[in-house]
Structures are given as C-alpha cells and as structure tokens.
Amino acid sequence: MLSAADNDLLTRTGAETPMGQFFRRFWQPAVLSRELPEPDGAPMRVTLMGEKLVAFRNSDGVVGLVDSRCPHRGADLYFGRNEGCAIRCVFHGWKFDLQGRPVELPNVPPGASYHDTLRLKAYPTREHGGIVWAYMGPDPWERELPQLPQLEFADLPPSHRYVTKKLQECNWAQSIEGALDTSHFSFLHMPAPGVPSNANPDAPADEKRLRWIREDPLPLFSILEHEVGFVVGGARRADGGTRYWRSAQFALPSHSTTPSTLPGETHFGYTWVPIDDENCWIYTYAWNPERPLGDDELAKFKEGHGVIAEVDANFIPVRNRANEYLIDRHHQKRISFTGVRGVAEQDAMIQDSQGRIADRTKEHLSASDAAIVRFRRTVLGGAKALARGIEPEAPRRHEAYRLRSGSWMASEGVSFEQVMRERFGDTVGRVAAPAAK
Amino acid sequence: MLSAADNDLLTRTGAETPMGQFFRRFWQPAVLSRELPEPDGAPMRVTLMGEKLVAFRNSDGVVGLVDSRCPHRGADLYFGRNEGCAIRCVFHGWKFDLQGRPVELPNVPPGASYHDTLRLKAYPTREHGGIVWAYMGPDPWERELPQLPQLEFADLPPSHRYVTKKLQECNWAQSIEGALDTSHFSFLHMPAPGVPSNANPDAPADEKRLRWIREDPLPLFSILEHEVGFVVGGARRADGGTRYWRSAQFALPSHSTTPSTLPGETHFGYTWVPIDDENCWIYTYAWNPERPLGDDELAKFKEGHGVIAEVDANFIPVRNRANEYLIDRHHQKRISFTGVRGVAEQDAMIQDSQGRIADRTKEHLSASDAAIVRFRRTVLGGAKALARGIEPEAPRRHEAYRLRSGSWMASEGVSFEQVMRERFGDTVGRVAAPAAK
Amino acid sequence: MLSAADNDLLTRTGAETPMGQFFRRFWQPAVLSRELPEPDGAPMRVTLMGEKLVAFRNSDGVVGLVDSRCPHRGADLYFGRNEGCAIRCVFHGWKFDLQGRPVELPNVPPGASYHDTLRLKAYPTREHGGIVWAYMGPDPWERELPQLPQLEFADLPPSHRYVTKKLQECNWAQSIEGALDTSHFSFLHMPAPGVPSNANPDAPADEKRLRWIREDPLPLFSILEHEVGFVVGGARRADGGTRYWRSAQFALPSHSTTPSTLPGETHFGYTWVPIDDENCWIYTYAWNPERPLGDDELAKFKEGHGVIAEVDANFIPVRNRANEYLIDRHHQKRISFTGVRGVAEQDAMIQDSQGRIADRTKEHLSASDAAIVRFRRTVLGGAKALARGIEPEAPRRHEAYRLRSGSWMASEGVSFEQVMRERFGDTVGRVAAPAAK
C-alpha cells in the first residue's frame, strides 16, 4: 500500500516529475531499429514519457529524435522532409540536424541571431540489439553520456535473439510489478481447476514444473540486491522434499527477466518504456546465449507465443483492452484459468484491469508481494534521492546489466545465494561479457 | 427552476452525494434476471450510481453483486472465475462469497489477519418479478433490510407480465420528469398537424382519446399524495362537457406508471436506475392483473412497441442519441409530430435533447409542470432530510407500492379523488395484495 | 511570440471573452444559403463561437437563427418543427418567430406573463453572396445594425462567383495567420527539391511565377493599413532585376484575399468563422469581376482545386486530420514538397499541425512574419479597446470591404504603394462599387 503521493510519484514520468527525471538518467528504447528501415525514409511519431517527438533515420543511417514542433511557429515536423542529413519543416523550410542545430533557416535574414542560438530539442540515440536507444537526460550534447546498459541479448549475434515490442494499455509500474511477482503463475497462467495435473513421477519436465507451480501457491521469496537492482527467487515445494526455484531480475529503471528458463533453454526479458502515464511499450526479447534460435522458435515468436504477444503491424496486441482480450468463458470453465489465450495476453489483461493507473492506496499486499515492495522502494528511493540532488549510480554501471534468471531444483534448506551460484555461477546471476566479437 | 446547487443535488447519485445516500435506502434493480441465465455463468459488469460492480449467479443460483476490484491489488473481478459459490480473482486466486468474505486467499500465509478481517464490498440481492434487486445502503449484512417494494407486476404470474429495460443516455431525473409530465402527449406523441383527427362521435375509443389529447394542450392537473409518493391527474375537455382524465403514479425514489390504461387494458410502469450521472437504465414493465398477456401483445413488446423501445441484445435502443433517433423529416412534415418512430423513442429523443444533465437554472415552468415541481420537492426533501439524519419512511412501506394509474371519463366538476375512486376503488390508486399465491 | 494571456485573448471567442465580444460586432457567415434549400425544410444545427444554435429557413424563405434550447425545459429545437413562419418545440409545442418572440405557448394559461416577456435568443440574418450572415452582437433587434461588409464577390451576379466552405480542425487565428504569411509559398506549395524549375525566359507565366517563388524564400514585406485592416505585399527577386510582388488583404475581423491573381485572372478570398476554439469554418470564394466563371473553372472548384479543398457533402475535407491528409511519402520525396495533394489541403495540414490552439509562447518569429505580427496587433488592439468600452469603427465601414489583392511585376525600387496603384488603381487595393445592379 502506498500513499496517494507516493503512488503519483511512482507512476508519473513527465519531464517535470521526480520519476520522470530519474528515468531520464537512463538510456531508453525509443523505437525498434526495423521501424525505421531506410535512410531518408518517412519520419515516425514517437511519444516517450509524455514528450511528443519525431524519429527519423537520416541520410547517413543515423537515427534522429527531435521535438515534434518546429521552433518557428510550432508546425509538426512529422510532416517534414527527411533529407540531407536533416529534418526539414515543410512550412518555411527550416532544417535541423541530429543535434537540433539549424542547418537552414531560409526566411531568416543572414546574420540574424537565430542562426547561432536557435535549437530544436534533440536527443542522442544509439542502436544496439535491434533497438534504437535514446538519452533524454539534461544537456545530452554537452557531457559524456553513460554507456548503453549491456543487456545480454543485445551483445549476441542477431541469429541468437528475437526482439519485438507490444503496447500495454496501462501505467508502466503496475505492469512491471506483474512481472516481478512470480507467485501469480500459480493461477493466471494455469489450466482450469478441473484439468488434472500429470502426477506421474516420470512426466516431462514441463508438466512437472506446471504441477509444482499449481500445487504451491505460496512460494517462499528471497531477494538479493546487486549493483543495478535485485534478483528475486521463489521456492515452491517439489517432489521428494526438493524445492523448485524460479528467479527474476529487476534492473533500473525498468528492465526484468523471466523465471522459467532451465539450463539450455531460451531466456526472455522485458524493458518497459512509458509512452505517457496511461500507456507503455514493453520491449520483449528472447535470447539463447548458446545457440542460434531455431526456425520453429522464431516462427512461434513471430506469431505470438508465451511471453511474446500476438501483435499487428503497429505492435498493438490482437487481444487487447478494447476487445476484452477475446476472453472465452467456455474456455475459462474447461481449459484455462482465464479463458484468454497466451501468457503475454493473460498478463496484459490482468495488469490493464488494475486501471489505467493502479490505485495503490487501497491494496492489501501479502508475503508473496515481497518483490513488488522491493521494486517500489528501489525506484521511489532513486527518484527521491535525485530530487535531493543525488545522482543514481546505476546508469554508469552498464556492465552490471548482463544478468540472467531462470529455474533450478535444489534440496530443502539450500539458500537462494547457493541456488543462484549453482544455476548461473554467480550469487545474483551476473554473467561475463563475451570475448571480443 | 432550480438553483445550480439544487440541480446538482437532484441529479447526482454518487455514493457520497445526498441524493446518492437517499437512493441507497431503497432497493434498486441491478440487472434483469435473464441477463444472468445460469449458475456459475459468465460474470457481468454492472455500474450503478457510479459504482463499478460485478454481478454473477453463483453455484446455488443466487446472484452476487460485488465491487469490481479485488482488494489484493485491484484486478478486475469481471475477468474472474464464478465457481464454488464464490467469485475468484484470476490473478492470485483470491475467492470471495456473496457477502464479500474471503473463502480462499491462497498466497496469504495461514493465520494472517486478512483471513478474518478482509472484506470485498458486496451488496445483498433479491429476485422478484424478473429483476435482480440490490440493496446498496449502509451495513447491509448487519441489519434487517426493508422488504422489496410490492410493485403490482412483480407479484403476478410471469404469464401476466413482460419486463425489459433500455438505456437512456441522460440523467435519471429529467427522464422521470418526462414521464410525470403527461401534458406533452398533446404534442410529442401526436400525428403531424395536417393529419385530421377522427371527429366522428362513433370513432373507436383510441381515436377519441387521441382527438381529446390533441385538442386540449392545457390539461388541468391535480395531485394527491400517498405513503410513498403521489399520483397526478390531468383532465382534458372531451365531448359533451365531459372530462377525459389521465393519471400517473410517482413512487420513491424513481418509479412511475403510465396514464393511458382504460379498464381491462394492460398497464405499464417504469423504474429509473442511475448508471452514472449521465446515463440511466429504464426498467419497463407491462402487466395485466386480469389475464395473461396475449401472444400478439408479447410479440409487439419484444420488437418494441409504444412505451417499450426497440432494443438490441444489450438493451441499447436501436434509435438513439448517436443516430439522431433515425429522425425522418418527411415523416415529421406529413405523418407524425416528431418524425421519430415509437413513443418510447420520442420520449428518449426529447429527454436526451435536454442535455446529459438538464440545466434547470434556465427553465421556464408553467402550470402544466405541476407534477415536475412536486417530484422535485419530494425527492429533494427526502435527500435533504436524510442529510440531516432523518431516515425516509417509504422504504419500510413496501406494501404501499401496489399502485395503478390510467384513464377515465368523468363529468365536469368531478374531483380527482372521485375519479380515482371510480376508476380504481381507491382515492390514490392503491390496489389490494393478491390472495396468497 | 505572445504571452499566454494574449494567446488566450487572441484565440478564444466564446460569448464572454473579449475577442468573442469583438467578433460579435461584425456580421458573420452562419451557413451557406444552399445548406437551407427550401422554406419549412429541416432545421440545421449550427455552432458559432461556441454558441449552439439552430438555423431554419422559415415559411417566407427567411432564415432564422436561434438558441438550440427551448426556454421551457431546454429541449433541443433542432428536433423541432419548422412551420408557420416559426420554429416549434416538439415537447410541448412552444413556437417562436424569427425574433424569438413566442407565437404559441399552448400549455401556458392565457394571460400568463410568459406570453409577453419570454424570449428565445435569436439573431438577425441577411443573405448576400450565397451566404447567410448573422449578427450576434448585443440587442440586435433594438438597434440599427451595421450593413453587411461589401466584399466584392457578393455583389457580383452569381455567374461570376463560386462560394463554398470547409471545416478546419484548429483555432481560427492560426489558420488566418497561415493565409497572411505568403512567405510559406516558397516551400509548402512547391514541387519537391529535385524537380527542376523551368528556367527558360519564355516559359509560361505560371512557371515563371513558380520559379521566382522557389528561388527567393525571403521576400521583403511591406504593409499598408486601411479603414478595415491592411494589405501586405511581398516582393521577390525576379528576372533582370525586376521584382515579383504578391499582395494579400486582411479585413476585420477575419477576412482575407489571396496573392497570386494576375490581371484578368479569378480572385479568391476567405472568411474564417470560429465554430468553437478548436475548429472553424473557412468560407472560400472565387470571383471574377470581369466575366462569368467558365465551366472548366467551376468543374474544378466543385471537385476541389487550388485553394478550394475537396470536401464531402458536409463540407468536411476529404484529406483531413484523421487520415493525415493522405500524405504520400513517395510523392513527398519525388514530386511535391509535402506529399499532400492540393494547396488548400497543404495549408490545412500545416495549420492543424500547429495544434488545436497554437502555443504562441514558444514560437520564434522572423522578418517574414511581419503580417502575422500586424494581424495580432490589429485584432488584439480592437478586442482590448472594446473591453475598455471603445466600439470598433470597422463594422460601420461596410463599403471599405471592397478589396482586391494579387500579383504584379515591378522594377526594383518601386514602392508597394506604387505597385498597388499600378495593379488596382488604388494604394491599398480598394475598388469602386459596381453601378446600380
């Protein structure tokens, strides 16, 4: 439960808000690289944390990200011309480079001060891992910027990963809370109660996992902090006194990884980017550090599968708020717990259903919400500290973002640290950088 | 004419408002029984007086009506599972009974206080006359509730009645005002001026009534109060110095009956239920105390006829605000006064047209608005008294809701009391309870 | 750049605002005459400067313009009956004449004061030049009204003009600013940069004009004031040291004429009418004082051509805000500067793109924005003076609205006054009234 003031502080990321300021200390995904396929192609509207921007891939192939309003008279640069390594307003031909400096102001007399002083708001971008990242912090052209967070998927060869995004029609924070709370797997993603579990001790691994998750709705949670966030582990009772552990990473300000991966399996992660306070993009990536993704895997991801939603050409989920996620009440009665198809869609449904911005003043948290409480403390603490002038450390710890999470079996009494060491070779799931590519 | 403050007080029924408090002392129609056809069927979203609720028919066939938000983290119980005599949130499996008591809180450790203290907001319901009624007043599970209002239609065998509802896209109060003001029949529901009346003294009763209504736009109104509201009568000049009387009932907080019924004919009544301050449901019922409704009558009612609107599967009128009630200007010129088909639709058009919430600070009332003035005084008086701590009497007078109204012919000079006695055997239209069913 | 207060003052025209009061001192186009084709036809909804009104052509063929709300109980007179030289509410038959006086109040007892004192808000109208004009100033029925502005097109025979209108989905002021700023022609309406100009000195006049406009994006502006506004001239370098002049008129409160017309060519003008603060009608007229418009010209105008937009039956542009003006990025790259078809549509796109109400606190004006600055000073000055009690002169100078503008070639060093005299026989473009019709 939060106070109304803290709920506001947590959820609002406009430029003037404390959380907005905090987010702007970190690189943010702005668009997928493939959304801007060619130099001098059509500009694209992008809204990030309430700021209306225009993205364009310039003549050199570099992506510009600028204020959508021309400083002359406020015309929309989205309708502008992307040409000559610049974006040009079609009203009077004002032309700006990637840094927002005027290249041509045709109706301004030579010698006028605008040529030297005028600036269009512009943000630096980098491409990495199939994503165009933007830095929206203060004075981005006059200071040394942090390096990009070294998320593992992004450093792998493109054959080893799949990167996409989807619209989530609610505030970013309740959506990431849904991802960090792995206790909900015992319900939201399960079969309908009448569907029997496979109790055969020789059942396939997947069916065993499912049974353990269904049968223990009250996992015991442990949390370990690291340089850029924390990892949470949940232990459920499994067969013969063993424990089935599932872990998930949180990295500032809004990255996470998923808990199901067993050794050798493909990993999944998410990055939340506020569009405004009532919508966000969830960048979603699958990666396998050990091998290229298979054709079968890729085919499923492209159609939507598991944590990857089925989306249309604009990355809008096919099952969404407006159509009630195509909930099928017969399916809910007989087959799945929700009647909604797809893990990603089940998550979207329940997170959206908390409201455009969840009201945390009325909630009743339980022991299984430990990761949610830690998440709030972490980001609220960071935002409040920044408001007092204390810059966050995490943006400079780019190498600490190389994190994994997943599943593991352990005997009763084994600590979470030990589980993580056994599973990943590191207490909090850090992995080493690859050898030079 | 009302002050802006009284207009607000009259029209707003949110939980914190005086009129909202007043309404919550009375049983309200929540849904039609047939909207929840089967035990453990799909839950249904219901908004009543601004409160977002979920209705579900539980395993025992009893209807639950609960807050739409799970108290854990605010997920929407509409997406929940209706099973095991309870509604279960699909996020973490929290399960609540009809009274809102937790039945299962799977991720809450045994012994935690939530098991004893947590409550989901829940309202008692009763089914009667094809309608699920809800009591939304204070502490509904800890006190003796009033009995249901004994509206006559509800006690009859189902063969003698037809019950439906329709959406009205404006505030409840202006809509009921339209029903209590029977002077508008001389215009809104009439043929176009060029269409001649049948002046033949041997014309059928329907055509005579029509002619009298057309020819006297200034009926003289009388009002008689009773235990739960009042009955209003309007006398128009008829042939040979006689008077054609039409009466309508108002019963607190928002019931009325229609004025046209002659002896032996079918009666009609309405109950208004605020959805929010800008929309309401009008529950509409036809009943004949003397005989089952005929197949012809039922067929017409199902298609929409007279005061029963033509609606779609969601009870949205086919002719509505968005399509301008399919007004046909040629029809308006040559055939009907409005160019809109259907008495119910003509009423809806003109009431909606007063605005989402009619501005009563600018109106100019006339003698024919006597019933409107009395209605406002009655409900405003009740709400203001309650705000001073005086509970209304009417909710405990459930037997006084057995009321009829209709048409009657009388000589000049006969009083309204006498007309009512002649027509219904009672000065204000009360009828006796039927013999034990 | 304006202060936020002046931006509000400039853009808001509700009845209580200073600019709204100023506008209401002038006759305004209310509808096109042809939108009300026949006596006693269907009433029409009209919103002007935020006031919701109903227009109807009465039995005598005169247009009434009245408040949409019946004073009785606020029902919408749009659903009313247009008959007997009056508009009649269908709720209770209240009937009002063109001046808003009650003709019949059927449910008001004879002798009641309403019959004498009640008034429906009603505005005088005049038809002129294919347009129904309305006067919405104070006490319009009790004082001598100004005459209609004698715009030249309106006095010509109908064969010499074409009059239409189009919806513009933004505030009126930024749209008229777009028309007065003729420097944007060097970009917004030009071919794509790669399309060569015809540099042949014997090229047709149109192609020469195009080349001069393209090649000089920094015209020198001169402004000359007159009785009802000002004329602005922009001089661009042409061949052999000559100057290509283009002029545009501004007349209070919101009329303008276009700059391209050469002697003998057809003239074009506009009048902006605020619907509300976020939308306006642009009445657009073509006229040729010397000859009837040709069949070819008329055919083009009806389909949309040049400054006349392609519109649907409700005068909504086919290429509009919702469909991004059907911008074609391939066309933008290869053929036209914008990728949007039509001069009118290019203007609409860029003006809409400034926002529903342009934020003038953030703009950076240049020398070429001289006419915009003068426009703001003129209308803000008028509105502020009126707020201090000083009535504007312009409404009484109806004869001063007979104004032309257009193109002219002159030697270097010739003044704008001289250019205007050579082109129109008058320093500021006034033309004489025609001989008696």
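To be clear, the structure that these remarks concern was listed above.
Reading guide: rules and limits
- The residue count restarts for each chain, going from 1 along the sequence in the order it is written.
- Chain letters and ligand numbers both follow the written order, the letters beginning at A and the numbers at 1.
- Per-residue local features of the predicted model are confined to residues with pLDDT of at least 70, and side-chain atom pairs are confined, for both listing and counting, to 80 or more; whole-chain, interface and lining totals are unaffected and use all residues.
- The basis for the side-chain values is all heavy atoms of the structure; hydrogens and waters are excluded.
- The superposition of copies rests on a least-squares fit of C-alpha positions from residues with pLDDT of 70 or more in both.
- Any two residues having at least one pair of non-hydrogen atoms within 4.5 Å are treated as being in contact.
- By definition, the buried area sums, over both parts, the 1.4 Å-probe accessible area that each loses when the two are put together.
- Salt bridge, as used here, is a side-chain nitrogen of Lys or Arg placed within 4 Å of a carboxyl oxygen of Asp or Glu.
- Contacts described as polar in this section are N or O atom pairs within 3.5 Å, which, within protein, must combine one atom able to donate a hydrogen with one able to accept it, while residues neighboring in sequence count only if both atoms come from side chains.
- A run of DSSP states H or I qualifies as a helix once it reaches four residues; a run of E qualifies as a strand once it reaches two. Both are numbered from the N-terminal end.
- Under the grouping applied here, Gly and all other residues not named as nonpolar or charged are polar, the nonpolar ones being Ala, Val, Leu, Ile, Met, Phe, Trp, Tyr, Cys and Pro and the charged ones Asp, Glu, Lys and Arg.
- Pairing between two strands is assigned when DSSP locates at least 2 bridges connecting them.
- Side-chain rings of Phe, Tyr and Trp (the six-membered ring for Trp) are treated as a pair once their centres are within 6.5 Å; stacked means planes under 30 degrees apart, edge-to-face means over 60, and tilted covers the remaining angles.
- A 1.4 Å probe rolled over the protein chains alone gives each residue an accessible area, and that area as a share of the maximum for its type sets the label: buried under 20%, exposed over 50%, partly exposed in between.
- Geometrically, a charge over a ring is one whose NZ (Lys) or CZ (Arg) sits within 6 Å of the ring centre while staying within 35 degrees of the ring normal.
- Interaxial angle, 0 to 180 degrees, is taken between N-to-C directions of lines fitted to C-alpha atoms, where a helix line uses only the stretch in contact.
- Angle categories are assigned with fixed cut-offs, so that under 35 degrees is roughly parallel, over 145 is roughly antiparallel, 65 to 115 is roughly perpendicular, and the rest are oblique.
- The crossing is said to be left-handed when, going from far helix to near helix, the turn is anticlockwise and less than a right angle, and right-handed when the turn is clockwise.

Caption draft 1: Representation of the relation of the copies chain A and chain C in the model. When chain A is fitted to chain C, the residual RMSD is 0.1 Å, and the transformation amounts to a turn of 120 degrees plus an axial shift of 0.1 Å. Those values place the two copies in the arrangement expected of a three-fold rotation axis. Judged by C-alpha distance, A322 of chain A is the residue of chain A that lies nearest the rotation axis, at 11 Å.

Caption draft 2: Main features of the interface of chain B and chain C. Taken residue by residue, the interface counts 36 residues in chain B and 31 residues in chain C. On the chain B side of the contact with chain C, R329, Q354 and H364 of chain B bury the most area, a combined 23% of that side's loss. At the surface where chain B touches chain C, the tally comes to three salt bridges. Here D181 of chain B ties to R73 of chain C by a salt bridge, and the two come within 3.7 Å at their closest N and O atoms. The interface formed by chain B and chain C includes 22 residue pairs in polar contact (both at pLDDT 80 or more). The set of elements that each furnish at least two residues to the side of chain B that touches chain C consists of α5 (172–180), α8 (329–334), α9 (343–352) and α10 (370–387) of chain B. Of the residues contributing to the side of chain B that touches chain C, the split by class is 14 nonpolar, 13 polar and nine charged.

Caption draft 3: Up close: the sheet that holds strand β8 (residues 102–104) of chain C. Residue and element names in this part refer to chain C. Spatially, the four strands line up as an open sheet ordered β5-β6-β7-β8, and their pairing is antiparallel. What marks the edges here is a single partner per strand, and that holds for β5 (81–83) and β8. Pairing of strand β7 (residues 95–96) with β8 involves two bridges; the strand directions are antiparallel. Bridge pairing in β8 places K95 opposite E104.

Caption draft 4: A look at the packing of aromatic side chains. According to the stated counting rule, one finds 54 aromatic pairs over all chains in the structure shown. A ring pair is formed by Y78 of chain A and F79 of chain A, whose centres lie 5.2 Å apart and whose planes are at 65 degrees; its orientation type is edge-to-face. The two residues Y78 of chain A and F79 of chain A agree in class, both being buried. For the ring pair F230 of chain B and F250 of chain B, a centre distance of 5.3 Å and an interplane angle of 40 degrees mean the geometry is tilted. Here F230 of chain B, found in strand β13 (residues 229–237), pairs with F250 of chain B, found in strand β14 (residues 242–251); they are 20 residues apart in sequence, far enough to count as distant. The same class applies to F230 of chain B and to F250 of chain B, which are both buried. Here the aromatic residues F23, W172, F230, F250 and F375 of chain A are joined through ring pairs into a cluster of three or more. Sitting over the face of the ring of Y78 of chain A, R45 of chain A holds its NZ or CZ atom 3.9 Å from the ring centroid.

Caption draft 5: Structural view of the sheet that holds strand β9 (residues 125–128) of chain A. Residues and elements named next belong to chain A. Across the sheet, which stays open at both edges, the three strands sit in the order β1-β10-β9 with antiparallel pairing between neighbours. Here the strands that pair on one side only, and so sit at the sheet edges, are β1 (28–32) and β9. Across the sheet, the mean angle from the axis of one strand to that of its neighbour is 35 degrees, orientation sign disregarded. Bridge count between β1 and strand β10 (residues 131–134): four bridges; the pairing is antiparallel. The residue of β10 that forms the bridge with V31 is V132.

Caption draft 6: Fine view of the interface of chain A and chain C. Counting residues at the interface gives 31 residues for chain A, matched by 35 residues for chain C. Here chain A and chain C share an interface that buries about 2600 Å² over both sides, 54% of which is from carbon and sulfur atoms. Inspection of the chain A/chain C interface yields three salt bridges. Linking chain A with chain C are 22 residue pairs in polar contact (both at pLDDT 80 or more). Of the residues contributing to the side of chain A that touches chain C, the split by class is 16 nonpolar, seven polar and eight charged.

Caption draft 7: Representation of the packing of α5 of chain B against α10 of chain B within the structure. All names here are of chain B. Across the interface, α5 lies against α10 with an axial gap of 9 Å and an inter-helix angle of 140 degrees. It follows from the interaxial angle that α5 and α10 lie oblique. Handedness of the α5/α10 crossing: right-handed. In this structure, α5 contributes W172, A173, I176, E177 and L180 to the contact, and α10 contributes A371, I372, F375 and R376. Here the residues of the contact of α5 with α10 sort into seven nonpolar, no polar and two charged.

Caption draft 8: Region of the structure containing the pairing of strand β10 (residues 131–134) of chain C. Judged by which residues are buried, β10 of chain C turns out to be covered on both faces: I131 and W133 of chain C on one side and V132 and A134 of chain C on the other are all buried. Between strand β9 (residues 125–128) of chain C and β10 of chain C, which pair antiparallel and follow one another directly, the connecting turn spans two residues, one of which, G129 of chain C, has a positive phi of 65 degrees.

Caption draft 9: Representation of unusual backbone geometry within the structure. Residues and elements named next belong to chain B. The omega angle of the peptide bond from L252 to P253 is -5 degrees, so this bond is cis rather than trans. Among the structural elements, P253 can be located in the loop between β14 and β15 (255–257). With phi around 60 degrees, Y325 is a residue other than glycine that occupies positive phi space. Inspection of the secondary structure puts Y325 in the loop between α7 (295–303) and α8. Judged by relative accessible area, Y325 falls into the buried class, the value being 2%.

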